[in-house]
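Residues per chain, in single letters:
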Amino acid sequence: MSSPDTLARLEATIAARRAADPESSYVAKLNAKGPRKIAQKVGEEATETVIAALTQDHEALVGEAADLIFHLMVLLNAKDVPLADVLAELDRREGVSGIAEKASRPKD
Ligand SMILES: N=c1c2ncn([C@@H]3O[C@H](COP(=O)(O)OP(=O)(O)OP(=O)(O)O)[C@@H](O)[C@H]3O)c2ncn1[C@@H]1O[C@H](COP(=O)(O)O)[C@@H](O)[C@H]1O
């Protein structure tokens, strides 16, 4: 079942599989090929997501978006970037834009 914990669970699974046998683990197989290959996969999945958004249906876009997020998470893990750092950056931007929005509102 999906929840806000889905990405946290996936991050833990990716970390645990990183050193597994590349024969039995796709995450390990990608890591064995190195960050360049993982980054290339992120680029491919991003392109497929764009194509799905512009030419395909809801189900195709959901599938491609899942592939993109998964491969991005494998790349972050390979570069030792915790998902928490990315989420904190998004939180920070939310705060910054919230402040800008408040500042642009006319005072009563
Ligand atoms: N979410 C995913 C996930 N999404 C996509 N994929 C795999 O991503 C691959 C994408 O296929 P491609 O044809 O693009 O790639 P490819 O055939 O390997 O070819 P290359 O381009 O790499 O040469 C497929 O093998 C999919 O199975 C995933 N593999 C794993 N996960 C998650 O990662 C967890 C750990 O997986 P393992 O490392 O395999 O145990 C799993 O339990 C899942 O939760």
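For every chain, the first residue of its written sequence is number 1, and the numbers climb from 1 along that sequence. Local features in a predicted model are, by the rule used here, given only for residues with pLDDT of at least 70; side-chain atom pairs are given and counted only at 80 or more, and totals for whole chains, interfaces and linings are based on all residues.

Visitor: So what's going on with the site of the ligand? Which residues, and what values?
Guide: Near, as applied to residues and a molecule or strand, means the residue's backbone-placed C-beta atom lies within 6 Å of it. The environment of the ligand is made up of Leu10, Thr13, Arg17, Ser25, Tyr26, Val27, Ala28, Asp67 and Phe70. Think of it this way: any DSSP run of H or I at least four residues long counts as a helix, any run of E at least two long counts as a strand, and we number them from the N terminus. Those elements giving two or more residues to the shell around the ligand turn out to be helix H1 (6–17), helix H2 (26–33) and helix H4 (58–78). Here the shell around the ligand is built from residues that sort into 5 nonpolar, 2 polar and 2 charged. Lys, Arg, Asp and Glu make up the charged group, whereas Ala, Val, Leu, Ile, Met, Phe, Trp, Tyr, Cys and Pro make up the nonpolar group; the residues left over, Gly among them, are polar.

Visitor: I'd like a description of the nonpolar core, backed by residues and values.
Guide: Under the definition applied here, buried Ala, Val, Leu, Ile, Met, Phe, Trp, Tyr and Cys residues are grouped into a nonpolar core through C-beta atoms within 7 Å. Residues with at least 20 neighbouring C-beta atoms inside 10 Å of their own are called buried, those with 12 or fewer are called exposed, and the rest are partly exposed, where every C-beta is derived from the backbone. Of all hydrophobic cores here, the largest spans 6 residues; its members are Ile14, Val27, Leu30, Ile38, Met73 and Val74. Those elements that place two or more of their residues in this core are H2 and H4.

Visitor: How would you explain H4 if you had to name every residue and give the values?
Guide: One fewer than the residue count of a helix, multiplied by 1.5 Å, yields its expected span. Taking 1.5 Å of rise per residue, the 21 residues of H4 would be expected to cover 30 Å, and the 30 Å separating its terminal C-alpha atoms lies within 8% of that figure. Listed in full, the buried residues belonging to H4 are Glu64, Leu68, His71, Met73, Val74 and Asn77. Positioned one or two residues after H4, Asp80 has a phi angle of 55°, which is positive.

Visitor: I'd like a description of the confidence of the model for the protein chain, backed by residues and values.
Guide: The quantity called pLDDT is the predictor's confidence in a given residue, expressed from 0 to 100. The predicted model of the protein chain has a mean per-residue pLDDT of 93, with 87% of residues at 70 or higher. We note a pTM of 0.89 for the whole complex and an ipTM of 0.91 for its interfaces.

Visitor: Tell me about helix H3 (residues 35–55), and please be specific about residues and values.
Guide: Here H3 spans 30 Å end to end across 21 residues, near enough to the 30 Å set by a 1.5 Å rise per residue. Every buried residue of H3 is listed here: Ile38, Thr49 and Ala52. Down the axis, H3 shows its buried residues gathered within 65° of arc, on one side only. Opposite the buried face of H3, by more than 90 degrees, sit the exposed residues Arg36, Gly43, Thr47, Leu54 and Thr55. The arc in question is traced by the directions running from the helix axis to the C-beta atoms.

Visitor: With reference to specific residues and values, describe the packing of H3 against H4.
Guide: Only the stretch in contact is used when fitting a helix axis, every axis being a line fitted to C-alpha atoms; angles between N-to-C directions are given from 0 to 180 degrees. Contact geometry for H3 and H4: axes closest at 8 Å, N-to-C directions at 160°. Taken together, the axes of H3 and H4 are roughly antiparallel relative to one another. For the pair H3 and H4, the crossing hand works out as left-handed. Where H3 approaches H4, its residues Pro35, Ile38, Ala39, Lys41, Val42, Glu45, Ala46, Glu48, Thr49, Ala52 and Ala53 are matched on the opposing element by Ala60, Leu61, Glu64, Ala65, Asp67, Leu68, His71, Leu72, Val74, Leu75 and Ala78. Of the residues belonging to the contact of H3 with H4, the class tally is 15 nonpolar, 2 polar and 5 charged. Here the angle decides the label: under 35 degrees means roughly parallel, over 145 means roughly antiparallel, 65 to 115 means roughly perpendicular, and every other value means oblique. With the far helix as reference, a near helix turned anticlockwise by less than a right angle produces a left-handed crossing, and one turned clockwise produces a right-handed crossing. Two residues form a contact once the distance between their C-beta atoms, set from the backbone, is within 7 Å.

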